[in-house]
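Architecture and fold: a report
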Amino acid sequence: MLFLYHIGKPSLYGSLTCQGIGLDGIPEVTASEGFIVNEISKKSIHISCPKESASSKFLAPYTTFSRIHTKSITCLDISSGGGLGVSSSTDGTMKIWQASNGELRRVLEGHVFDVNCCRFFPSGLVVLSGGMDAQLKIWSAEDASCVVTFKGHKGGILDTAIVDRGRNVVSGSRDGTARLWDCGRSACLGVLADCGSSINGVAVGAADNSINLGSPEQMPSEREVGTEAKMLLLAREDKKLQCLGLQSRQPVFLFIGSDAFNCCTFLSGFLLLAGTQDGNIYQLDVRSPGAPVQVIHRSGAPVLSLLSFRDGFIASQGDGSCFIVQQDLDYVTELTGADCDPVYKVATWEKQIYTCCRDGLVRRYQLSDL
C-alpha cells in the first residue's frame, strides 16, 4: 500500500505489485495510480510520484540487534572509531556492545532509576550519561568503572553535550537549568541558563565569525576549555528555543515555536534545526532568527531526534518514521522497520546508521545498500 499525503490536498493512494523474482534474486515490482518504481535492490526501493514531484527511497535494515535490551531503548551512540555502541533502556540498564554484531561487552551500573541519555566522548574510550537520579556520570568503556559523578541538578538530566575534546561537558535538566562541568575536577563551573522550564535537548556548536556572542560579565575560569566562539542551544518544554554564547552566557536569540521543543542540532556555524512535540522541524539562521528558513512538517508525531548528516540531516519521530534529507538528492531516504513504534535516537558512523526504538531493537542500516 502506498499513500502520498500533502497538507491541504487529498491523499493519493496506490499499490505495489510483485511480478516475480528476477534471476539476480531481486523482486520485479510495479506501482499503480501515478506512482513509479524507479529502482529496486535487495534492501531498497525507490518510488516516485512525478505528478506531485514527490520521491522517496525506502531502505530496510542491514541487520537488527534484539539481544542488547529487553525493553524500550531510549538512547544510543556509536564510538568515533565505529567499533562500539552504548545504549540505555527502560529495562533500567546501560550497556556497551560491539557495533558490528550487537554482542554485549560491558554493563554500566551505578545510576538509580532510568538513564535518559548516553554518549561517547570523542576518544571513544569514555562514556557520558545522565539519569533521572539527577546525576551525570563518566564511565570507562574498557572496564565499565564509573570514574566521575557530577551532582548539582535538582531534576532528571535529559540531554548532554561535549565541548571540544571533552575537558568540559554541558547538561540540560528537568530542573530548568543547563550547567557546565569540569571533568578533571568533577566540579560544576556554572549554571549557563536557568529558564524555569524543562530543558529537553542541548547542542553546542562553533559560531560563524559574523555572530555576536557577547562578552562574559566576569573572567571565565581557567578550567573552562574550548568554550570560546561556541553557541549553546536549548530545546525547552515551554515552546522556546534559546541560544546563548557558551562562554559569555549572553543571549543570542529566543525563538517561540508551535509546541514544546524536544531536540536541536547545529548544521553549520549559523544554521540549526529544532524539532517540536507537534511534528515541526524548524530550520533557523542564527544571523536572522526572527523567521524560520523553512519549517518541515511530515506528520503530527513528536520529533524525537535530529542529527546533522553529510550536507543534510536525519530526523526520527514518534510514529516510527526515520528519514534522511540531503541537499544534493531529489528524494528523501526513509529508514524502515520500526513500523509505528517511536524511534528515539539515531547515531551514525561513516556509511552506517543506527537507530533505537520503543520495540527494544537496535537497527543498523548500510547506506551502501542504496
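Since we're looking at a predicted model, the values are computed, not measured. (Residues numbered from 1 in each chain as written. Predicted model: local features only at pLDDT ≥ 70, side-chain atom pairs only at ≥ 80, totals over all residues. Heavy atoms only, no water.)

What follows deals with the overall build of the chain. If you tally the helices and strands in the chain, you get zero helices and 35 strands. A globule of 370 residues ought to have a C-alpha radius of gyration of about 21 Å, and the chain, at 21 Å, matches this closely. In terms of principal-axis extent, the alpha carbons of the chain reach across some 70 × 45 × 30 Å. Taken across its 370 residues, the chain has 53% of its residues classed as buried. Contacts in the chain between residues at least 24 apart in sequence constitute 43% of all its contacts with a sequence separation of at least 6. About 16,300 Å² of surface is accessible on the chain, with carbon and sulfur atoms providing 48% of the total. Taking the 33 positively charged and 38 negatively charged side chains of the chain as two groups, their mean positions are separated by 4 Å. (Helix = DSSP H or I, 4+ residues; strand = E, 2+ residues; numbered from the N terminus. Rg over C-alpha atoms; globule rule 2.2 N^0.38 Å. Buried < 20%, exposed > 50% of the residue type's maximum accessible area, 1.4 Å probe, protein only. Contact = heavy atoms within 4.5 Å. Areas by Shrake-Rupley, 256 points an atom, 1.4 Å probe, with all protein chains shown as cover. Lys, Arg positive; Asp, Glu negative; His and termini not counted. Charge placed at Lys NZ, Arg CZ, Asp CG, Glu CD.)

Val-86, Leu-108, Phe-150 and Val-169 are the most contacted members of the largest nonpolar core, which totals 25 residues. Going through the elements one at a time, strand S10 (84–89), strand S11 (94–98), strand S13 (115–120), strand S14 (126–131), strand S15 (136–140), strand S16 (146–150) and strand S17 (157–163) are the ones with two or more residues in this core. In terms of residue count, S13 provides more of this core than any other element does, four residues in total. Listed in part, the 19 residues of the second largest apolar core include Ala-203, Leu-213, Met-231 and Phe-255. (Core = buried A, V, L, I, M, F, W, Y, C linked by side-chain atoms within 4.5 Å.)

Before going further, it helps to examine the sheet that holds strand S23 (residues 240–245). Ordered by their spatial adjacency, four strands build an open sheet running S21-S22-S23-S24, and the pairing between neighbours is antiparallel. Across the chains shown, the open sheet's two edge strands, defined by having one partner strand only, are strand S21 (199–206) and strand S24 (251–256). Strand-to-strand twist of the sheet, defined as the mean angle between neighbouring strand axes without regard to direction, takes the value 15 degrees. Direction of pairing for S23 relative to S24: antiparallel, over a ladder of five bridges. Bridge pairing in S24 places Leu-244 opposite Pro-251. (Pairing = 2+ DSSP bridges. Axes fitted to C-alpha atoms, helices over the stretch in contact; angles between N-to-C directions.)

Taking strand neighbours across the sheet as the criterion, the four strands line up as S8-S35-S34-S33 in an open arrangement whose pairing is antiparallel. The sheet terminates laterally at strand S8 (63–65) and strand S33 (343–349), the two strands that pair on one side only. Ignoring strand direction, the axes of neighbouring strands in this sheet form an average angle of 20 degrees. Sheet topology note: the S33/strand S34 (residues 352–357) ladder contains six bridges and is antiparallel. Following the sheet pairing, Ala-347 is matched in S34 by Tyr-354.

Glancing now at the packing of aromatic side chains. If you walk through the whole model with that rule in mind, you get six aromatic pairs. Taken together, a centroid distance of 6.0 Å and an interplanar angle of 65 degrees make the contact between Phe-65 and Trp-97 edge-to-face. With Phe-65 in strand S8 and Trp-97 in strand S11, this residue pair connects regions lying 32 residues apart in the sequence. Taken together, a centroid distance of 5.0 Å and an interplanar angle of 40 degrees make the contact between Phe-150 and Trp-181 tilted. Remark: Trp-181 occurs in strand S19 (residues 177–182) and Phe-150 occurs in strand S16; sequence separation between them is 31 residues. For Phe-150, a relative accessible area of 1% gives the class buried. Using a relative accessible area of 1% as the deciding quantity, one classes Trp-181 as buried. Taken together, the aromatic side chains of Phe-65, Trp-97 and Tyr-354 make up a single cluster linked through ring pairs. (Phe/Tyr/Trp six-rings, centres within 6.5 Å; stacked < 30°, edge-to-face > 60°.)

Taken from the UniProt record, the annotation "repeat: WD" (unreviewed entry) applies to residues 66–107, 108–149 and 150–182. This span, residues 66–107, is 0% helix and 50% strand, and a straight line between its end C-alpha atoms measures 16 Å. Each end of residues 150–182 is marked by a C-alpha atom, and these two atoms are 9 Å apart; helix forms 0% of the span and strand 61%. (UniProt positions renumbered as here; feature names shortened; annotations may be inferred.)

Before going further, it helps to spend a moment on unusual backbone geometry. Phi at Ser-186 is positive, roughly 40 degrees, even though this residue is not glycine. Relative to the elements of secondary structure, Ser-186 occurs in the loop between S19 and strand S20 (187–194). Since its relative accessible area comes to 37%, Ser-186 is described here as partly exposed. Residues other than glycine seldom take positive phi values, yet Arg-310 does so here, at roughly 50 degrees. Structurally, Arg-310 can be placed in the loop between strand S29 (303–309) and strand S30 (312–317). Classification of Arg-310 as partly exposed rests on a relative accessible area of 49%.

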